[in-house]
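Here's the letter readout for the chains.
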Amino acid sequence: MTLRLSVDENPNCEMTDPRVFQERSEPQPVTQVLRQRGNKDVWCPVVSWEQEGAAGPALARKVDDSGDGTCYLVYGGRWGLRLKEPTCADPWSLDDTHQWGEAFLLLPADGADLSFHD
């Protein structure tokens, strides 16, 4: 099956051109992703971000990508994903400097950079 991914123009992240991925697994909820912050790898909470700042579960599934081969696609709502530094205890917000948006993430296929929801 084919997954078509697009993110609306929004204040959370830069808009990207629509992308098409070949699905290789069912989606699974993800709670954290391993990202580099300040020259260190840290586990960052991640959510799906919708219009008006509504947060929901981020999803990950294996896909084939023409540039990266088989990998995990982490994706969210119409406004993409919202991530925050692990030390940020604040609620999800566009106004917090310890939080940032991404349209989507492509992570290695071994899943070592993902923490799935139990």
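Each value, and the rule that gives it
- Residues numbered from 1 in each chain as written.
- Predicted model: local features only at pLDDT ≥ 70, side-chain atom pairs only at ≥ 80, totals over all residues.
- Heavy atoms only, no water.
- Disulfide = S-S within 2.5 Å.
- Helix = DSSP H or I, 4+ residues; strand = E, 2+ residues; numbered from the N terminus.
- Contact = heavy atoms within 4.5 Å.
- Core = buried A, V, L, I, M, F, W, Y, C linked by side-chain atoms within 4.5 Å.
- Buried < 20%, exposed > 50% of the residue type's maximum accessible area, 1.4 Å probe, protein only.
- Salt bridge = Lys/Arg side-chain N within 4 Å of Asp/Glu carboxyl O.

**Q** Looking at this model, I keep getting lost on the state of the cysteines. Mind explaining?
**A** Every disulfide links exactly two cysteines, by a covalent bond between their sulfur atoms. Under the counting rule described, the total for this entry stands at 0 disulfides. No disulfide involves C13; its sulfur sits 16 Å from that of C44, the nearest cysteine. Between C44, a free cysteine, and C88, which holds the nearest cysteine sulfur, the sulfur-to-sulfur gap is 10 Å.

**Q** Can you walk me through the environment of L107 in this structure?
**A** Residue position: L107 is located in strand β9 (residues 105-108). Taking the C-alpha atoms as reference points, L107 and K40, separated by 67 residues in sequence, lie 17 Å from one another. In this view, L107 contacts V33, R35, C71, Y72, V74, D113 and L114; residues no more than four positions away in its chain are not counted.

**Q** Just checking my understanding: could you explain the nonpolar core for this structure?
**A** Side chains of a nonpolar character, in soluble globular proteins, are inclined to be buried together. Counting 15 residues, the largest nonpolar core has V33, V74, L83 and L114 as the members making the most contacts within it. Every element with two or more residues in this core is listed here: β3 (28-37), β4 (40-49), β5 (55-65), β6 (69-75), β7 (81-84) and β9. Among the elements that line this core, the one with the most residues is β4, at 3 residues. In contact with V33, not counting residues within four places along its chain, are V42, W43, C44, V46, V74, L83, L105, L107, D113 and L114.

**Q** In this structure, what is going on with the pattern of salt bridges? I would like to understand it.
**A** Close approach of charged atoms allows side chains with opposite charge to pair. On inspection of all chains with the given rule, the structure shows 4 salt bridges. The residue D64 makes a salt bridge to R24 at a minimum N-O spacing of 2.6 Å. On the criterion of sequence distance, the pair formed by D64 in strand β5 and R24 in the loop between β2 (19-23) and β3 is long-range, its members being 40 residues apart. Taking the relative accessible area as the measure of exposure, D64 reaches 23% and is therefore partly exposed. Residues E85 and R37 are paired through a salt bridge, measuring 3.1 Å at the closest nitrogen-oxygen approach. Of the two residues, E85 sits in the loop between β7 and β8 (99-102) while R37 sits in strand β3, which places them 48 residues apart along the sequence.

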